[in-house]
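# Fold and geometry: a report
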Amino acid sequence: NVFLEPTFYSGLLRSYAASPMRIRRELEGECVYLEGAEWLPEYFDNVGFDQWPIESDGGIRVVVLDPSKGRGDKQGDYSAFVMLWFINGMIYVDADMRNDRGDIELTQTGVELYKAFNPHYFVIENESGQNDHLVRDMHRIADRDSLIMTITPMDSEKVDKKSRIR
């Protein structure tokens, strides 16, 4: 993932050393069968891509931000920017997931992704309005850069956690 620090992979590899299955699944991207998994591993054969489609080919581009800052003293929760491109019956997906971003970096990364990916929709999970400040700060930076940025807050509180994860 181009968004990750070069040492990120090696750090996780050391951290996961006791679990070869976890390394295969989470670091190598291998769909290792887990009992109770929703999708069979063979669904994911040959699904990678090296380049996004060409913007002039059309389709719908979406960026979704789940800030996942955790609750209180909970640490290690990952924030995720997920980029999706629906085109010609295909869905291209990439994600930038990190557990060390504060509000300023979330805001800056959001605006940078908006400029680079040019999404039709930019959605921020905004449970009970707790991320209103991110929406406001992204608009402030976009205004400074003369960028028209449309952000759709999604109140995830109305959908149970299990359904959102699915």
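In short, a report on the structure. (Residues numbered from 1 in each chain as written. Predicted model: local features only at pLDDT ≥ 70, side-chain atom pairs only at ≥ 80, totals over all residues. Heavy atoms only, no water.)

## Overview of the packing of helix α3 (residues 103–117) against helix α4 (residues 132–144)
Look at α3 against α4: their axes get within 9 Å of each other, and the N-to-C directions meet at 50°. It follows that α3 is oblique to α4 by the angle criterion. As for how α3 packs across α4, the hand of that crossing is right-handed. Together, Asp103, Leu106, Thr107, Gln108, Gly110 and Val111 of α3 and His133, Leu134, Asp137, Met138 and Ile141 of α4 make up the contact between the two elements. (Axes fitted to C-alpha atoms, helices over the stretch in contact; angles between N-to-C directions. Helix = DSSP H or I, 4+ residues; strand = E, 2+ residues; numbered from the N terminus. Parallel < 35°, antiparallel > 145°, perpendicular 65-115°, else oblique. Left-handed = near helix turned anticlockwise from the far one by under 90°. Contact = heavy atoms within 4.5 Å.)

## A few points about unusual backbone geometry
Unlike most non-glycine residues, Asn88 shows phi in positive territory, near 50°. Using a relative accessible area of 70% as the deciding quantity, one classes Asn88 as exposed. (Buried < 20%, exposed > 50% of the residue type's maximum accessible area, 1.4 Å probe, protein only.)

## Looking at the pattern of salt bridges
Pairing is possible between side chains that carry opposite charge, provided their charged atoms lie close to one another. Per the stated rule, a full pass over the model turns up six salt bridges. Where Arg101 meets Asp96, a salt bridge forms, and the shortest distance between an N and an O atom there is 3.0 Å. Owing to a relative accessible area of 9%, Arg101 belongs among the buried residues under this scheme. Here Asp145 and Lys115 are joined by a salt bridge, their closest N and O atoms 2.8 Å apart. Of the two residues, Asp145 sits in the loop between α4 and β5 (152–154) while Lys115 sits in helix α3, which places them 30 residues apart along the sequence. Of the residues examined, Asp145 reaches a relative accessible area of 30% and is grouped as partly exposed. Bridged by salt links that share partners, the residues Arg98, Asp100 and Glu105 form one connected network. (Salt bridge = Lys/Arg side-chain N within 4 Å of Asp/Glu carboxyl O.)

## Re the packing of aromatic side chains
Counting across every chain of the model gives six aromatic pairs. On the basis of an interplanar angle of 25° and a centroid distance of 6.1 Å, the ring pair of Trp52 and Trp85 is categorised as stacked. Residue Trp52 is located in the loop between α2 (20–27) and β1 (60–66), and its partner Trp85 is located in strand β2 (residues 79–87); the two are separated by 33 residues in the primary sequence. A residue is classified by how much of its surface remains accessible, and Trp52, at 28% relative accessible area, is partly exposed. The class of Trp85 is buried, set by a relative accessible area of 4%. Here the aromatic cluster, defined as three or more aromatic residues joined through ring pairs, consists of Phe49, Trp52, Trp85, Tyr92 and Phe117. Against the face of Trp85 rests Arg61, its NZ or CZ located 5.1 Å from the ring centre. (Phe/Tyr/Trp six-rings, centres within 6.5 Å; stacked < 30°, edge-to-face > 60°. Lys NZ or Arg CZ within 6 Å of the ring centre and 35° of its normal.)

## Thoughts on the nonpolar core
One finds Leu65, Phe81, Phe122, Ile124, Met138, Met149 and Ile151 to be the most contacted residues of the largest nonpolar core, which totals 20 residues. Counting only elements with at least two residues in this core, the list comes to β1, β2, α3, β4 (121–125) and α4. Leaving out residues up to four positions away in the same chain, Ile124 has contacts with Leu65, Pro67, Asn131, Val135, Met138, Ile151, Thr152, Pro153 and Met154. (Core = buried A, V, L, I, M, F, W, Y, C linked by side-chain atoms within 4.5 Å.)

Fair warning: the whole summary comes from geometry, so function is off the table for now.
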